Amino acid sequence: MENRHYTPKHSQNGQQPPRRSPTPPPSRRPAPAQTPQPNRRPSAAAPQQRTNPQQSQPSTSRRTTGGTSTQWQTTDRTAGTSTQWRMADRAAGTSTQWQTTDRTRSAPKAGAAQRQAAQPPKAGAAQRQTQPPKSAAPSRRPRTVEAEPEPPAKKPKTGCALASLYFICLFGISVCLSLVLIFSANDVLALVKTDMDIEVVVAEDTTIDGVSKQLDERGVVNYGTLFRLFNKIKGDDGTIVSAGTYTLNPSMDYSQILRALTKTTSTTSVKITIPEGYTTAQIRQTLLEGHVTSSALIDNALNSYPFKHTFLKDLKPPKANWLEGYLFPDTYEFIQDSKQPVHEVVNVMLNNFDKKYDAQIKEGAEELGLTTHEVVTIASLIEREAKEGSEFAKISGVIHNRLKNKEQFPNLQIDASLQYAVGHNNRLTDADKQLDSPYNLYIQKGLPPGPICNPGYNALYAATHPQEHGYYYYVAMPDGTHLFAKTNSQHNKNRAKADKAWAKQRN
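Conventions we followed
Residues numbered from 1 in each chain as written. Predicted model: local features only at pLDDT ≥ 70, side-chain atom pairs only at ≥ 80, totals over all residues. Heavy atoms only, no water. Pairing = 2+ DSSP bridges. Helix = DSSP H or I, 4+ residues; strand = E, 2+ residues; numbered from the N terminus. Buried < 20%, exposed > 50% of the residue type's maximum accessible area, 1.4 Å probe, protein only. Arc of directions from axis to C-beta. Contact = heavy atoms within 4.5 Å. Phe/Tyr/Trp six-rings, centres within 6.5 Å; stacked < 30°, edge-to-face > 60°. Lys NZ or Arg CZ within 6 Å of the ring centre and 35° of its normal. Polar contact = N/O pair within 3.5 Å; in protein donor to acceptor, adjacent residues only side chain to side chain. pLDDT = per-residue confidence, 0-100.

As a further point, take the pairing of strand E12 (residues 482-485). Alignment of strand E11 (residues 473-476) against E12, held across four bridges, turns out to be antiparallel. Looking at E12, one finds that Ala 476 is bridged to His 482. Between the antiparallel neighbours E11 and E12 lie five residues, among them Gly 480 with a positive phi of about 100°.

Next up, the structure:
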(Lines give C-alpha, C1' and ligand atoms only; values in the text may rest on other atoms or scores of the structure.)
Protein backbone atom coordinates (compact mmCIF):
# COMPACT_ATOMS: atom_id res chain seq x y z
CA MET A 1 0.00 0.00 0.00
CA GLU A 2 1.28 3.37 -1.00
CA ASN A 3 2.01 5.82 1.77
CA ARG A 4 0.61 9.24 1.24
CA HIS A 5 0.89 12.38 3.28
CA TYR A 6 -2.43 13.09 5.08
CA THR A 7 -3.48 16.59 5.82
CA PRO A 8 -6.45 16.97 8.21
CA LYS A 9 -9.28 19.11 7.09
CA HIS A 10 -10.65 22.10 8.90
CA SER A 11 -12.68 21.37 11.96
CA GLN A 12 -16.34 21.94 12.04
CA ASN A 13 -16.00 25.18 13.90
CA GLY A 14 -14.01 26.75 11.15
CA GLN A 15 -10.63 26.72 12.98
CA GLN A 16 -7.57 25.16 11.40
CA PRO A 17 -5.71 22.80 13.71
CA PRO A 18 -1.99 23.46 14.17
CA ARG A 19 0.34 21.73 11.83
CA ARG A 20 1.95 18.55 13.05
CA SER A 21 4.80 16.45 11.84
CA PRO A 22 3.67 14.06 9.15
CA THR A 23 2.47 10.77 10.48
CA PRO A 24 1.93 7.81 8.17
CA PRO A 25 -1.75 6.96 8.11
CA PRO A 26 -2.85 3.52 9.10
CA SER A 27 -3.22 0.88 6.45
CA ARG A 28 -6.49 0.99 4.63
CA ARG A 29 -8.81 -1.88 4.95
CA PRO A 30 -12.13 -2.12 3.29
CA ALA A 31 -14.75 -1.04 5.78
CA PRO A 32 -17.60 -3.44 6.33
CA ALA A 33 -20.79 -2.66 4.56
CA GLN A 34 -23.10 -0.56 6.68
CA THR A 35 -26.63 0.56 6.25
CA PRO A 36 -26.72 4.00 4.73
CA GLN A 37 -27.78 6.56 7.31
CA PRO A 38 -28.93 10.08 6.77
CA ASN A 39 -26.22 12.65 6.99
CA ARG A 40 -26.24 14.16 10.51
CA ARG A 41 -24.28 17.26 11.07
CA PRO A 42 -21.76 16.68 13.79
CA SER A 43 -22.04 18.88 16.81
CA ALA A 44 -19.72 21.81 16.89
CA ALA A 45 -16.53 21.24 18.74
CA ALA A 46 -16.27 22.87 22.12
CA PRO A 47 -14.35 26.13 22.00
CA GLN A 48 -10.69 25.62 22.81
CA GLN A 49 -9.24 27.16 25.89
CA ARG A 50 -6.14 29.22 25.99
CA THR A 51 -3.14 27.20 27.11
CA ASN A 52 0.20 28.07 28.38
CA PRO A 53 2.84 27.93 25.68
CA GLN A 54 4.64 25.36 27.78
CA GLN A 55 1.60 23.06 27.63
CA SER A 56 0.87 20.74 24.71
CA GLN A 57 -1.51 21.96 21.98
CA PRO A 58 -4.67 19.94 21.15
CA SER A 59 -4.45 17.61 18.15
CA THR A 60 -7.49 17.26 15.89
CA SER A 61 -7.75 14.79 12.95
CA ARG A 62 -10.52 13.96 10.57
CA ARG A 63 -10.85 11.21 7.99
CA THR A 64 -13.54 10.41 5.51
CA THR A 65 -13.89 7.00 3.91
CA GLY A 66 -16.86 6.33 1.69
CA GLY A 67 -19.89 7.64 3.55
CA THR A 68 -18.18 7.35 6.93
CA SER A 69 -16.56 10.31 8.58
CA THR A 70 -14.21 9.80 11.52
CA GLN A 71 -12.92 12.62 13.64
CA TRP A 72 -10.81 12.44 16.76
CA GLN A 73 -9.18 14.97 19.00
CA THR A 74 -6.58 14.47 21.64
CA THR A 75 -5.66 17.07 24.24
CA ASP A 76 -2.79 16.65 26.63
CA ARG A 77 -2.39 19.24 29.31
CA THR A 78 -0.61 19.30 32.54
CA ALA A 79 -3.98 19.22 34.30
CA GLY A 80 -5.07 15.93 32.62
CA THR A 81 -5.75 14.03 29.41
CA SER A 82 -8.80 14.40 27.17
CA THR A 83 -9.52 12.08 24.23
CA GLN A 84 -12.54 12.38 21.94
CA TRP A 85 -13.59 10.29 18.91
CA ARG A 86 -16.55 10.93 16.72
CA MET A 87 -17.68 8.75 13.82
CA ALA A 88 -20.62 9.62 11.60
CA ASP A 89 -22.13 7.53 8.81
CA ARG A 90 -24.10 9.93 6.63
CA ALA A 91 -25.53 7.20 4.47
CA ALA A 92 -26.90 5.26 7.43
CA GLY A 93 -27.75 8.35 9.47
CA THR A 94 -25.82 7.13 12.54
CA SER A 95 -23.34 8.93 14.72
CA THR A 96 -21.07 7.51 17.42
CA GLN A 97 -19.14 9.63 19.87
CA TRP A 98 -16.70 8.58 22.58
CA GLN A 99 -15.09 10.91 25.05
CA THR A 100 -12.67 10.18 27.86
CA THR A 101 -11.51 12.69 30.44
CA ASP A 102 -8.94 11.85 33.09
CA ARG A 103 -7.90 14.74 35.30
CA THR A 104 -7.05 12.84 38.41
CA ARG A 105 -3.87 11.39 37.03
CA SER A 106 -0.68 13.34 36.81
CA ALA A 107 -0.01 14.92 33.44
CA PRO A 108 2.46 12.98 31.21
CA LYS A 109 5.47 14.60 29.72
CA ALA A 110 4.83 17.08 26.96
CA GLY A 111 6.86 15.19 24.35
CA ALA A 112 5.13 11.91 24.95
CA ALA A 113 1.72 13.59 24.88
CA GLN A 114 2.51 15.20 21.52
CA ARG A 115 3.70 11.95 19.98
CA GLN A 116 0.71 10.08 21.26
CA ALA A 117 -1.69 12.71 19.94
CA ALA A 118 0.01 12.67 16.55
CA GLN A 119 -0.68 8.98 16.04
CA PRO A 120 -4.12 8.49 14.51
CA PRO A 121 -5.98 5.35 15.43
CA LYS A 122 -5.97 2.45 13.06
CA ALA A 123 -8.78 1.99 10.69
CA GLY A 124 -9.77 -1.27 12.28
CA ALA A 125 -9.88 0.34 15.68
CA ALA A 126 -11.92 3.23 14.35
CA GLN A 127 -14.35 0.84 12.78
CA ARG A 128 -14.66 -1.15 15.94
CA GLN A 129 -15.54 2.02 17.79
CA THR A 130 -18.64 2.39 15.62
CA GLN A 131 -20.05 -0.80 17.09
CA PRO A 132 -22.20 -0.21 20.14
CA PRO A 133 -20.02 -0.81 23.19
CA LYS A 134 -20.71 -3.86 25.19
CA SER A 135 -21.45 -3.65 28.84
CA ALA A 136 -18.12 -2.76 30.35
CA ALA A 137 -16.88 -3.26 33.79
CA PRO A 138 -17.36 -0.38 36.13
CA SER A 139 -13.63 0.28 36.11
CA ARG A 140 -13.62 1.02 32.36
CA ARG A 141 -16.47 3.55 32.40
CA PRO A 142 -15.33 7.10 31.85
CA ARG A 143 -15.20 9.01 35.07
CA THR A 144 -16.29 12.59 35.27
CA VAL A 145 -15.63 14.42 38.44
CA GLU A 146 -18.30 17.02 38.97
CA ALA A 147 -18.93 19.41 41.79
CA GLU A 148 -21.37 18.08 44.36
CA PRO A 149 -24.68 19.99 44.21
CA GLU A 150 -25.62 22.00 47.19
CA PRO A 151 -28.21 20.27 49.37
CA PRO A 152 -31.73 21.72 48.93
CA ALA A 153 -32.99 24.01 51.60
CA LYS A 154 -35.01 22.20 54.21
CA LYS A 155 -38.71 22.96 53.97
CA PRO A 156 -40.74 23.42 57.12
CA LYS A 157 -42.46 20.18 58.12
CA THR A 158 -46.06 21.44 58.04
CA GLY A 159 -47.55 18.23 56.62
CA CYS A 160 -47.26 16.33 59.88
CA ALA A 161 -48.71 19.23 61.89
CA LEU A 162 -51.72 19.54 59.58
CA ALA A 163 -52.32 15.81 59.67
CA SER A 164 -52.14 15.79 63.47
CA LEU A 165 -54.55 18.73 63.69
CA TYR A 166 -56.96 16.98 61.30
CA PHE A 167 -57.01 13.79 63.36
CA ILE A 168 -57.44 15.76 66.60
CA CYS A 169 -60.42 17.64 65.16
CA LEU A 170 -61.89 14.42 63.79
CA PHE A 171 -61.50 12.75 67.16
CA GLY A 172 -63.09 15.70 68.97
CA ILE A 173 -66.08 15.75 66.62
CA SER A 174 -66.52 12.00 67.03
CA VAL A 175 -66.52 12.33 70.81
CA CYS A 176 -69.09 15.16 70.72
CA LEU A 177 -71.38 13.23 68.36
CA SER A 178 -71.09 10.15 70.53
CA LEU A 179 -72.09 12.11 73.64
CA VAL A 180 -75.05 13.67 71.82
CA LEU A 181 -76.23 10.26 70.66
CA ILE A 182 -75.83 8.75 74.12
CA PHE A 183 -77.79 11.51 75.91
CA SER A 184 -80.45 11.62 73.19
CA ALA A 185 -80.96 7.85 73.29
CA ASN A 186 -81.23 7.99 77.08
CA ASP A 187 -83.96 10.62 76.87
CA VAL A 188 -85.91 8.89 74.09
CA LEU A 189 -85.72 5.41 75.59
CA ALA A 190 -85.64 6.48 79.28
CA LEU A 191 -82.70 4.19 80.00
CA VAL A 192 -81.37 5.93 83.11
CA LYS A 193 -83.82 8.57 84.37
CA THR A 194 -85.47 9.60 87.63
CA ASP A 195 -88.56 7.70 88.72
CA MET A 196 -91.10 10.15 90.12
CA ASP A 197 -94.62 11.29 89.31
CA ILE A 198 -95.08 14.76 87.82
CA GLU A 199 -98.46 16.40 87.23
CA VAL A 200 -98.83 18.32 83.99
CA VAL A 201 -101.85 20.56 83.37
CA VAL A 202 -102.71 20.80 79.69
CA ALA A 203 -104.84 23.68 78.48
CA GLU A 204 -107.49 23.42 75.81
CA ASP A 205 -106.54 23.45 72.14
CA THR A 206 -103.01 22.31 72.99
CA THR A 207 -101.24 20.13 70.46
CA ILE A 208 -98.45 17.63 71.07
CA ASP A 209 -96.07 20.11 69.50
CA GLY A 210 -97.23 22.80 71.92
CA VAL A 211 -96.97 20.64 75.03
CA SER A 212 -93.32 19.73 74.31
CA LYS A 213 -91.95 22.87 75.94
CA GLN A 214 -94.17 22.31 78.99
CA LEU A 215 -92.87 18.75 79.38
CA ASP A 216 -89.31 20.06 79.17
CA GLU A 217 -89.94 22.73 81.82
CA ARG A 218 -91.62 20.24 84.17
CA GLY A 219 -88.74 17.75 83.82
CA VAL A 220 -90.70 14.96 82.17
CA VAL A 221 -88.30 15.05 79.21
CA ASN A 222 -84.81 16.52 79.05
CA TYR A 223 -85.00 17.82 75.50
CA GLY A 224 -88.31 19.32 74.42
CA THR A 225 -87.00 19.94 70.91
CA LEU A 226 -86.10 16.26 70.55
CA PHE A 227 -89.56 15.25 71.78
CA ARG A 228 -91.11 17.60 69.22
CA LEU A 229 -88.95 16.08 66.46
CA PHE A 230 -89.91 12.56 67.59
CA ASN A 231 -93.61 13.37 67.31
CA LYS A 232 -93.14 15.09 63.96
CA ILE A 233 -91.45 11.99 62.54
CA LYS A 234 -94.36 9.87 63.79
CA GLY A 235 -96.85 12.38 62.35
CA ASP A 236 -98.48 13.20 65.72
CA ASP A 237 -97.17 16.76 66.10
CA GLY A 238 -100.57 18.29 65.25
CA THR A 239 -102.65 16.00 67.47
CA ILE A 240 -104.85 17.80 69.99
CA VAL A 241 -104.19 16.81 73.60
CA SER A 242 -107.21 16.50 75.87
CA ALA A 243 -107.28 19.38 78.29
CA GLY A 244 -106.80 18.30 81.87
CA THR A 245 -104.26 17.16 84.45
CA TYR A 246 -101.98 14.26 83.56
CA THR A 247 -99.64 12.31 85.83
CA LEU A 248 -96.46 11.53 83.92
CA ASN A 249 -93.08 10.08 84.89
CA PRO A 250 -89.59 10.82 83.53
CA SER A 251 -88.96 7.06 83.47
CA MET A 252 -91.53 6.80 80.67
CA ASP A 253 -90.09 6.72 77.19
CA TYR A 254 -91.31 9.00 74.44
CA SER A 255 -93.83 6.50 73.10
CA GLN A 256 -95.39 5.99 76.52
CA ILE A 257 -95.67 9.74 77.11
CA LEU A 258 -97.29 10.16 73.72
CA ARG A 259 -99.84 7.43 74.42
CA ALA A 260 -100.62 8.93 77.83
CA LEU A 261 -101.40 12.29 76.24
CA THR A 262 -103.34 11.14 73.19
CA LYS A 263 -104.80 7.70 73.82
CA THR A 264 -106.27 8.23 77.26
CA THR A 265 -109.06 10.45 78.50
CA SER A 266 -108.61 12.67 81.52
CA THR A 267 -110.65 11.53 84.51
CA THR A 268 -109.98 14.68 86.54
CA SER A 269 -113.17 16.50 87.43
CA VAL A 270 -113.45 20.22 88.07
CA LYS A 271 -116.13 22.37 89.65
CA ILE A 272 -117.23 25.30 87.54
CA THR A 273 -119.24 28.11 89.12
CA ILE A 274 -121.29 30.33 86.85
CA PRO A 275 -122.32 33.48 88.75
CA GLU A 276 -125.73 35.10 88.20
CA GLY A 277 -125.59 37.79 85.57
CA TYR A 278 -122.74 36.21 83.56
CA THR A 279 -123.04 36.62 79.82
CA THR A 280 -122.59 33.75 77.39
CA ALA A 281 -119.13 35.08 76.52
CA GLN A 282 -118.12 35.01 80.19
CA ILE A 283 -119.43 31.46 80.60
CA ARG A 284 -117.46 30.38 77.54
CA GLN A 285 -114.27 31.78 79.01
CA THR A 286 -114.92 30.09 82.37
CA LEU A 287 -115.27 26.70 80.71
CA LEU A 288 -112.06 27.21 78.79
CA GLU A 289 -110.14 28.24 81.89
CA GLY A 290 -111.43 25.12 83.65
CA HIS A 291 -110.07 22.95 80.78
CA VAL A 292 -113.51 21.53 80.19
CA THR A 293 -113.51 22.02 76.45
CA SER A 294 -111.75 23.65 73.53
CA SER A 295 -112.63 26.97 71.93
CA ALA A 296 -113.59 25.43 68.59
CA LEU A 297 -115.98 22.96 70.20
CA ILE A 298 -117.60 25.42 72.59
CA ASP A 299 -118.18 27.99 69.83
CA ASN A 300 -119.89 25.37 67.69
CA ALA A 301 -122.08 24.26 70.58
CA LEU A 302 -123.11 27.75 71.63
CA ASN A 303 -123.84 29.13 68.17
CA SER A 304 -124.78 26.20 65.93
CA TYR A 305 -125.94 23.15 67.85
CA PRO A 306 -129.73 22.61 67.48
CA PHE A 307 -130.77 21.86 71.05
CA LYS A 308 -134.26 20.38 71.34
CA HIS A 309 -135.55 22.07 74.48
CA THR A 310 -139.12 23.34 74.29
CA PHE A 311 -138.34 26.87 75.52
CA LEU A 312 -135.92 27.26 72.59
CA LYS A 313 -138.30 26.29 69.78
CA ASP A 314 -139.33 29.91 69.09
CA LEU A 315 -135.70 31.01 68.85
CA LYS A 316 -134.56 28.64 66.12
CA PRO A 317 -132.63 28.43 63.88
CA PRO A 318 -129.49 28.64 66.00
CA LYS A 319 -127.42 31.80 65.67
CA ALA A 320 -124.84 33.76 67.58
CA ASN A 321 -125.80 34.31 71.23
CA TRP A 322 -129.16 32.63 70.79
CA LEU A 323 -128.66 30.83 74.13
CA GLU A 324 -128.10 34.07 76.04
CA GLY A 325 -130.25 33.99 79.19
CA TYR A 326 -130.82 30.22 79.20
CA LEU A 327 -127.49 28.97 80.52
CA PHE A 328 -128.59 28.80 84.10
CA PRO A 329 -126.00 30.12 86.56
CA ASP A 330 -125.00 27.52 89.12
CA THR A 331 -122.06 25.38 90.29
CA TYR A 332 -121.37 22.42 88.04
CA GLU A 333 -118.89 19.56 88.06
CA PHE A 334 -117.40 18.62 84.71
CA ILE A 335 -114.63 16.34 83.47
CA GLN A 336 -111.52 18.07 82.24
CA ASP A 337 -111.47 16.71 78.73
CA SER A 338 -111.16 18.96 75.72
CA LYS A 339 -112.34 16.13 73.48
CA GLN A 340 -115.62 15.42 75.21
CA PRO A 341 -118.79 16.46 73.32
CA VAL A 342 -119.16 19.99 74.63
CA HIS A 343 -122.79 20.18 73.67
CA GLU A 344 -123.36 17.80 76.59
CA VAL A 345 -121.82 20.39 78.92
CA VAL A 346 -124.10 23.09 77.53
CA ASN A 347 -126.99 20.71 77.70
CA VAL A 348 -126.46 20.32 81.44
CA MET A 349 -126.91 24.08 81.94
CA LEU A 350 -129.98 24.19 79.69
CA ASN A 351 -131.56 21.30 81.58
CA ASN A 352 -130.90 23.15 84.81
CA PHE A 353 -132.73 26.21 83.46
CA ASP A 354 -135.68 24.06 82.50
CA LYS A 355 -135.76 22.66 86.04
CA LYS A 356 -135.43 26.04 87.78
CA TYR A 357 -138.09 27.67 85.62
CA ASP A 358 -140.68 26.18 87.88
CA ALA A 359 -144.46 26.39 88.19
CA GLN A 360 -144.44 29.62 90.23
CA ILE A 361 -142.54 31.40 87.55
CA LYS A 362 -144.76 29.96 84.84
CA GLU A 363 -147.94 31.00 86.72
CA GLY A 364 -146.60 34.51 87.25
CA ALA A 365 -145.74 34.77 83.53
CA GLU A 366 -149.27 33.69 82.56
CA GLU A 367 -150.84 36.27 84.84
CA LEU A 368 -148.74 39.03 83.33
CA GLY A 369 -149.21 37.76 79.80
CA LEU A 370 -145.50 37.29 79.22
CA THR A 371 -143.74 34.70 77.10
CA THR A 372 -140.77 32.76 78.41
CA HIS A 373 -138.41 34.83 76.28
CA GLU A 374 -139.88 38.10 77.66
CA VAL A 375 -139.61 36.81 81.22
CA VAL A 376 -135.96 35.90 80.73
CA THR A 377 -135.25 39.28 79.10
CA ILE A 378 -136.84 41.24 81.99
CA ALA A 379 -135.05 38.99 84.48
CA SER A 380 -131.71 39.71 82.80
CA LEU A 381 -132.32 43.49 83.14
CA ILE A 382 -133.17 43.07 86.83
CA GLU A 383 -130.11 40.87 87.37
CA ARG A 384 -127.76 43.50 85.99
CA GLU A 385 -129.44 46.52 87.56
CA ALA A 386 -130.06 45.26 91.08
CA LYS A 387 -127.21 44.61 93.47
CA GLU A 388 -129.26 43.93 96.55
CA GLY A 389 -131.68 41.02 96.65
CA SER A 390 -134.26 43.13 98.47
CA GLU A 391 -134.51 45.47 95.46
CA PHE A 392 -135.14 42.82 92.80
CA ALA A 393 -138.94 43.01 93.04
CA LYS A 394 -138.89 46.82 93.45
CA ILE A 395 -136.82 47.33 90.26
CA SER A 396 -139.07 44.78 88.53
CA GLY A 397 -142.04 46.99 89.51
CA VAL A 398 -140.42 50.07 87.89
CA ILE A 399 -139.88 48.15 84.63
CA HIS A 400 -143.46 46.86 84.60
CA ASN A 401 -144.87 50.33 85.41
CA ARG A 402 -143.07 51.80 82.41
CA LEU A 403 -144.09 48.95 80.15
CA LYS A 404 -147.72 49.54 81.12
CA ASN A 405 -147.46 53.30 80.42
CA LYS A 406 -145.69 53.26 77.04
CA GLU A 407 -147.21 56.53 75.93
CA GLN A 408 -145.82 58.42 78.91
CA PHE A 409 -142.65 56.34 79.26
CA PRO A 410 -141.79 54.92 75.85
CA ASN A 411 -138.16 54.24 76.77
CA LEU A 412 -137.00 52.11 79.68
CA GLN A 413 -133.66 54.04 79.83
CA ILE A 414 -131.83 51.15 81.51
CA ASP A 415 -128.05 51.58 81.50
CA ALA A 416 -127.28 47.86 81.76
CA SER A 417 -128.75 47.16 78.32
CA LEU A 418 -126.65 49.86 76.67
CA GLN A 419 -123.56 48.66 78.50
CA TYR A 420 -124.18 45.23 77.00
CA ALA A 421 -124.16 46.83 73.55
CA VAL A 422 -121.03 48.96 74.04
CA GLY A 423 -119.17 46.11 75.76
CA HIS A 424 -118.19 47.72 79.08
CA ASN A 425 -119.66 48.38 82.51
CA ASN A 426 -118.30 51.88 82.96
CA ARG A 427 -120.43 54.97 83.41
CA LEU A 428 -122.15 55.83 80.17
CA THR A 429 -121.33 59.01 78.30
CA ASP A 430 -123.61 61.17 76.21
CA ALA A 431 -121.98 59.70 73.08
CA ASP A 432 -122.81 56.18 74.30
CA LYS A 433 -126.44 57.13 74.72
CA GLN A 434 -126.57 58.10 71.03
CA LEU A 435 -125.44 54.63 69.88
CA ASP A 436 -127.71 53.15 67.23
CA SER A 437 -128.35 49.72 68.71
CA PRO A 438 -131.51 47.73 69.55
CA TYR A 439 -130.08 47.42 73.07
CA ASN A 440 -129.93 51.22 73.50
CA LEU A 441 -133.09 51.68 75.59
CA TYR A 442 -132.61 55.44 75.60
CA ILE A 443 -133.74 55.58 71.97
CA GLN A 444 -135.41 52.16 71.48
CA LYS A 445 -138.91 51.53 72.73
CA GLY A 446 -139.94 48.62 74.90
CA LEU A 447 -137.72 45.67 75.78
CA PRO A 448 -134.42 44.82 74.07
CA PRO A 449 -134.48 42.04 71.47
CA GLY A 450 -133.23 39.47 73.97
CA PRO A 451 -131.65 38.86 77.36
CA ILE A 452 -128.45 40.73 78.20
CA CYS A 453 -127.17 38.07 80.64
CA ASN A 454 -128.08 34.77 82.22
CA PRO A 455 -130.30 35.53 85.23
CA GLY A 456 -130.66 33.45 88.34
CA TYR A 457 -133.77 32.18 90.03
CA ASN A 458 -134.38 35.33 92.11
CA ALA A 459 -134.35 37.48 89.02
CA LEU A 460 -136.70 35.13 87.17
CA TYR A 461 -139.09 35.08 90.11
CA ALA A 462 -138.94 38.86 90.48
CA ALA A 463 -139.66 39.28 86.77
CA THR A 464 -142.91 37.36 87.16
CA HIS A 465 -143.78 38.77 90.62
CA PRO A 466 -143.06 42.52 90.51
CA GLN A 467 -143.65 44.77 93.50
CA GLU A 468 -146.66 47.06 93.11
CA HIS A 469 -145.77 50.74 93.63
CA GLY A 470 -145.88 54.07 91.80
CA TYR A 471 -142.16 54.45 91.05
CA TYR A 472 -141.01 55.17 87.52
CA TYR A 473 -137.46 56.25 88.20
CA TYR A 474 -134.44 55.02 90.10
CA VAL A 475 -130.77 55.99 90.31
CA ALA A 476 -127.86 53.91 91.61
CA MET A 477 -125.79 54.87 94.64
CA PRO A 478 -122.13 53.89 95.20
CA ASP A 479 -123.06 51.25 97.80
CA GLY A 480 -125.22 49.36 95.29
CA THR A 481 -128.58 50.55 96.49
CA HIS A 482 -130.96 52.77 94.52
CA LEU A 483 -132.97 55.94 95.07
CA PHE A 484 -136.51 55.62 93.68
CA ALA A 485 -138.79 58.42 92.49
CA LYS A 486 -142.31 58.82 91.19
CA THR A 487 -141.84 62.12 89.37
CA ASN A 488 -139.10 63.52 87.19
CA SER A 489 -138.41 66.46 89.56
CA GLN A 490 -137.89 64.08 92.45
CA HIS A 491 -135.71 61.95 90.23
CA ASN A 492 -133.50 64.94 89.39
CA LYS A 493 -132.98 65.59 93.10
CA ASN A 494 -132.02 61.94 93.55
CA ARG A 495 -129.59 62.22 90.66
CA ALA A 496 -127.90 65.26 92.23
CA LYS A 497 -127.56 63.39 95.50
CA ALA A 498 -126.16 60.33 93.69
CA ASP A 499 -123.66 62.42 91.69
CA LYS A 500 -122.41 63.98 94.90
CA ALA A 501 -121.95 60.55 96.46
CA TRP A 502 -120.13 59.20 93.43
CA ALA A 503 -117.84 62.26 93.30
CA LYS A 504 -117.04 61.85 96.98
CA GLN A 505 -116.14 58.19 96.39
CA ARG A 506 -113.84 59.03 93.48
CA ASN A 507 -111.99 61.64 95.55
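A few words now on helix H8 (residues 295-303). In an α-helix there are 3.6 residues to a turn, and that puts residues three or four apart on one side. Among the residues of H8, those classed as buried are Ile 298, Ala 301 and Leu 302. Down the axis of H8, the smallest arc covering the buried residues is 95°, so these residues share one side. Summarising the contacts, the buried residues of H8 are in contact with helix H7 (280-289) and helix H9 (342-356).

Here the focus is the packing of aromatic side chains. Tallied over the entire structure, the rule returns 15 aromatic pairs. Connected via pairs of aromatic rings, a cluster forms that spans Phe 311, Tyr 326, Phe 353 and Tyr 357. A cation sits over an aromatic face here: Lys 486 above Tyr 471, 5.8 Å from the ring centre.

Turning our eyes to something else, we now look at the side chain of His 469. Within the fold, His 469 resides in the loop between helix H14 (457-464) and E11. The class for His 469 is buried, based on a relative accessible area of 18%. At a separation of 3.0 Å, a polar atom in the side chain of His 469 contacts the main-chain amide nitrogen of Tyr 471. For His 469, the residues in contact, after removing those within four places along its chain, are Lys 394, Gly 397, Val 398 and Asn 401.

Across the protein chain, the average pLDDT comes to 77, with 65% of residues at 70 or higher. Segment residues 1-17: pLDDT under 50, and 20 contacts once partners within four positions in sequence are set aside and those in other chains are kept. Low confidence marks residues 105-118, where pLDDT is under 50. Its contacts with residues over four positions away, or in another chain, come to 14 contacts.

Cis peptide bonds are those with omega within 30 degrees of zero, and the linkage from Lys 316 to Pro 317 qualifies with 5°. In this structure, Pro 317 sits in the loop between H8 and strand E10 (331-335). One non-glycine residue with positive phi stands out, namely Gln 413, at about 50°. Mapped onto the secondary structure, Gln 413 falls in the loop between helix H12 (392-404) and helix H13 (415-422).

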